[in-house]
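# Tertiary structure, described
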Amino acid sequence: GAVVSQHPSWVICKSGTSVKIECRSLDFQATTMFWYRQFPKQSLMLMATSNEGSKATYEQGVEKDKFLINHASLTLSTLTVTSAHPEDSSFYICSVRGRGSYNSPLHFGNGTRLTVT
Amino acid sequence: GESVGLHLPTLSVQEGDNSIINCAYSNSASDYFIWYKQESGKGPQFIIDIRSNMDKRQGQRVTVLLNKTVKHLSLQIAATQPGDSAVYFCAENMREVISNFGNEKLTFGTGTRLTIIP
C-alpha cells in the first residue's frame, strides 16, 4: 500500500491565487520531508527540505516566501504556492524519510499537477 | 553544483531482451545510490539501491552495478516486459549538516526513457 499520500493529485488555479498541497506519511513518523518540482520531460529538482518542528531549508534559487512549507507534525507537511503564476505550473512531488533511516530509500507521493491559468 | 547525469536519454528494447541503463555521478562524497522508475503522472517508485561499500546488488530481474573508480552506475533489467516501459532515474544521496540536522540530499539524474517493444 501507499506509504505517502499527496493531495490533491491535480489542481488548476488562476494567476495570483495561492494553492496548498498536502503530503502525509501513512506508515511511519516522517522526521524529514522533501519537496521536489518536476517540469515536463525533466528530472526532479529538490526545492526544500523540512524537518519536523523547524524551518525548512530551501535550495538555491527557490524563493522561500513564495513556496511556504509547514512541517507541523511527524505525518504532515504542506507546501503552499503563494501568488501563483503560469511559470509555477509544474508537477510537485513530496517524499519522506523516517527517523534514523539514513541510507534507505525515500518514499515518494504520487505528485500534484499544478496548472496556473 | 555537482550533478548526476545519464548517458542515454532514450532506450528501446525488444520485449524479453535485457536492458542496461547507465548513469554517471560526479560527487565523490555520495555514499548511497538509488534507482527509481517513474511512470507517466506518478511519483518515482523505488527499484533498487546500493551502498558505496558494494559494487553489485541484485533484485528480482534487476541488478545495479557501482563503479566508484569511474563514478558510474548502471541498472540492468533482465527479460524486459511491457510494464517496464517508463522513465528511469538514478539518484545519489549525500549527507549534509544543515542547522544541526544530519540531512541527506537526494540528487536525481536527468532520466532515461525506456520503451519496451512488444
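Residues take numbers from 1 onward in each chain, read along the sequence in its written order. Here every chain gets a letter starting at A, and every ligand a number starting at 1, in the order they are written. Restriction of local features to residues with pLDDT of at least 70 applies here, the model being predicted, together with a cutoff of 80 or more for giving and counting side-chain atom pairs; totals for whole chains, interfaces and linings are based on all residues. Processing note: side-chain calculations cover all non-hydrogen atoms of the structure and skip hydrogens and water entirely.

## Observations regarding the overall build of chain B
Tallying secondary structure elements over chain B gives zero helices and 11 strands in all. Overall, chain B shows an N-to-C arrangement of helices and strands of β-β-β-β-β-β-β-β-β-β-β. A burial count over chain B gives 44% of its 118 residues as buried. The long-range fraction of contacts in chain B, counting pairs at least 24 apart against all pairs at least 6 apart in sequence, stands at 54%. Helix and strand definitions here come from DSSP, where helices need a minimum of 4 consecutive H or I residues and strands a minimum of 2 consecutive E residues; each element is numbered from the N-terminal end. Any residue under 20% of the maximum accessible area for its type is buried, any over 50% is exposed, and the rest in between are partly exposed; the area is computed with a 1.4 Å probe on protein chains only. Note on definitions: a residue-residue contact is assigned when non-hydrogen atoms from the two residues lie within 4.5 Å.

## Description of the interface of chain A and chain B
A common way to express how large an interface is: the accessible area buried when the components associate. Counting residues at the interface gives 24 residues for chain A, matched by 25 residues for chain B. Joining two parts hides part of their accessible area as seen by a 1.4 Å probe, and the buried area is that hidden amount summed over both. Between chain A and chain B, a total of about 2,000 Å² is buried, with carbon and sulfur atoms accounting for 52% of that surface. Salt bridges are defined by distance alone: a side-chain nitrogen of Lys or Arg within 4 Å of a carboxyl oxygen of Asp or Glu. Where chain A touches chain B, the interface holds one salt bridge. Polar contact criterion, stated in full: a pair of N or O atoms within 3.5 Å, where within protein one must be able to donate a hydrogen and the other to accept it, and residues adjacent in sequence count only if both atoms are side-chain atoms. For the pair chain A and chain B, the number of links is six residue pairs in polar contact (both at pLDDT 80 or more). Counting residues per element, the ones that place at least two in the side of chain A that touches chain B are β4 (30-38), β5 (44-51) and β9 (90-98) of chain A. In this count, Pro and Cys sit with the nonpolar residues alongside Ala, Val, Leu, Ile, Met, Phe, Trp and Tyr, while Asp, Glu, Lys and Arg are called charged and the others, Gly among them, polar. Here the residues of the side of chain A that touches chain B sort into 10 nonpolar, 12 polar and two charged.

## Structural notes on unusual backbone geometry
Following His7(A), the chain continues into Pro8(A) via a peptide bond in cis, with omega recorded as 0°. Inspection of the secondary structure assignment puts Pro8(A) in the loop between β1 (4-7) and β2 (10-13). Positive phi is not limited to glycine here, since Lys41(A) has a value of about 60°. According to the relative accessible area criterion, Lys41(A) is exposed, its value standing at 86%. Backbone geometry at Arg61(B) places phi at a positive 65°, although glycine is not the residue there. Given the relative accessible area of 29%, Arg61(B) is considered partly exposed.

## Some remarks on the sheet that holds strand β8 (residues 76-81) of chain A
Residues and elements named next belong to chain A. For two strands to pair, DSSP has to find at least two bridges joining them. Sheet architecture is open: four strands sit in the order β1-β3-β8-β7, paired in antiparallel fashion. Each edge of the sheet is formed by a strand with only one pairing partner; in this case those strands are β1 and β7 (67-73). Averaged over all pairs of adjacent strands, the angle between their axes in this sheet comes to 15°, without regard to strand direction. Here strand β3 (residues 19-25) runs beside β8; their pairing, made up of six bridges, is antiparallel. Across the sheet, residue Arg24 finds its bridge partner in β8, namely Leu76. Axes here mean lines fitted to C-alpha atoms, for a helix over just the part in contact, with angles spanning 0 to 180 degrees between N-to-C directions.

## Considerations on the packing of aromatic side chains
What counts as a ring pair is set by centres within 6.5 Å for rings of Phe, Tyr and Trp (its six-membered ring), and what kind of pair is set by the plane angle: stacked under 30 degrees, edge-to-face over 60, tilted for all other angles. This model, assessed by the stated rule, comprises nine aromatic pairs over all chains. Judged by centre distance (5.7 Å) and plane angle (50°), the ring pair of Tyr36(A) and Phe108(A) falls under tilted. Taken together, the residues span a long stretch of sequence, with Tyr36(A) in strand β4 and Phe108(A) in strand β10 (residues 107-108) at a distance of 72 residues. Exposure class is identical for Tyr36(A) and Phe108(A). Each is buried. Geometrically, the ring pair formed by Tyr36(B) and Phe108(B) is tilted, given 5.5 Å between the ring centres and 35° between the ring planes. Taken as a pair, Tyr36(B) in strand β4 (residues 32-38) and Phe108(B) in strand β10 (residues 101-108) lie far apart in primary sequence, 72 residues in all. For the residue pair Tyr36(B) and Phe108(B), the accessibility class agrees, reading buried in each case. In textbook terms, an aromatic cluster arises when at least three aromatic residues are bridged by ring pairs, as seen for Tyr36(A), Phe108(A), Tyr36(B), Phe46(B), Phe89(B) and Phe108(B). Counted as over-ring charges are cases with an Arg CZ or a Lys NZ within 6 Å of the ring centre that also lie within 35 degrees of the ring normal. Sitting above the plane of the Phe67(A) ring, Lys66(A) keeps its charged end 6.0 Å from the centroid.

## Some details on the pairing of β1(A)
Regular strands have side chains that alternate between both faces of the sheet. Residues and elements named next belong to chain A. Every second residue of β1 is oriented toward a common face, the buried set being Val4 and Gln6 and the non-buried set Ser5 and His7. In this sheet, β3 lies alongside β1 in antiparallel orientation, the contact comprising four bridges. The residue bridging Val4 from the neighbouring strand is Ser25, located in β3.

## A look at the environment of Glu87(A)
All names here are of chain A. Along the chain, the position of Glu87 falls in the loop between β8 and β9. Here Glu87 falls in the exposed class, since its relative accessible area comes to 55%. Placed 72 residues apart in sequence, Glu87 and Ser15 show a C-alpha to C-alpha distance of 9.8 Å.

Function-wise, these values are silent; they only describe arrangement.
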